[in-house]
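The residues making up each chain are set out below.
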Amino acid sequence: WGVSSGFAAYTTGRIAKGSISTSGVGGGAGGYVFPQSSSSWNATTQTGTVQYSGVVTFTGHKGLMSESFANPVITVTGPSSGTLTAGGRSFGLNLAAGSKSVGQNGEVTWSGVPLSGGIAGGGGGGGGAFGADPISFTVGAVSGASFGSTTVDAKSTKRTAADAPPVPTGIRILT
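Summary of the structure given here.

## Observations regarding the sheet that holds strand E12 (residues 108–113)
Alright, step 1. If you trace the three strands from one edge of the open sheet to the other, you get E11-E12-E16, paired in antiparallel fashion. Edge positions in the sheet fall to strand E11 (99–102) and strand E16 (135–139), since each has one partner strand and no second. Taken over all neighbouring pairs, the strand axes of this sheet differ in orientation by 10° on average, direction set aside.
Alright, step 2. Bridge count between E12 and E16: four bridges; the pairing is antiparallel. Bridge pairing in E16 links valine 108 to valine 139.

Below, the structure written as structure tokens:
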């Protein structure tokens, strides 16, 4: 789950000048991997609750903005609906709009599931509201994966102009 690509760009961009750090989460911007830690999944009804572990934290505006998405919990209530809760926020899941596959051992994978709800930027720059990214997840198969920590900050995404233009001829400037 990428959490919110718009909010990530805002966090590490020229306004918030912040960073995104992870703990116990794999992947990276655009697709964090939260390991499954526990489940009360019913393979027959394909409903239940699944807990994932790990934290993704967005920090910016010299520490005035700090938003964490920790230990997501997905609850599937029926064939087309559910919720994702992380960091004190709850998002609706439109399971019918994603794709679903069932594995040999009864595990179920949904891909590209849209989330309803958004993330409000904060701190000194205001930030506005950003949509949550679609999610892909598997239930019914506990993960043995474990991950360390990472940080991506505004300094690592800063662009520097080249010393010379890539093509010195063929450019015509009209003023």
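Additional details are given in the paragraphs that follow.
## Considerations on the packing of aromatic side chains
Alright, step 1. All chains considered together, the criterion is met by 10 aromatic pairs.
Alright, step 2. Pairing tryptophan 1 with phenylalanine 91 gives two aromatic rings, centres 6.0 Å apart and planes at 75°, and the pair type is edge-to-face. With tryptophan 1 in the segment before helix H1 (5–12) and phenylalanine 91 in strand E10 (residues 89–94), the pair connects residues that are 90 residues apart, well separated along the chain.
Alright, step 3. Judged by its relative accessible area of 8%, tryptophan 1 falls in the buried class.
Alright, step 4. Assessed through its relative accessible area of 2%, phenylalanine 91 is described here as buried.

Cut-off values and rules
- Residues numbered from 1 in each chain as written.
- Predicted model: local features only at pLDDT ≥ 70, side-chain atom pairs only at ≥ 80, totals over all residues.
- Heavy atoms only, no water.
- Pairing = 2+ DSSP bridges.
- Helix = DSSP H or I, 4+ residues; strand = E, 2+ residues; numbered from the N terminus.
- Axes fitted to C-alpha atoms, helices over the stretch in contact; angles between N-to-C directions.
- Phe/Tyr/Trp six-rings, centres within 6.5 Å; stacked < 30°, edge-to-face > 60°.
- Buried < 20%, exposed > 50% of the residue type's maximum accessible area, 1.4 Å probe, protein only.

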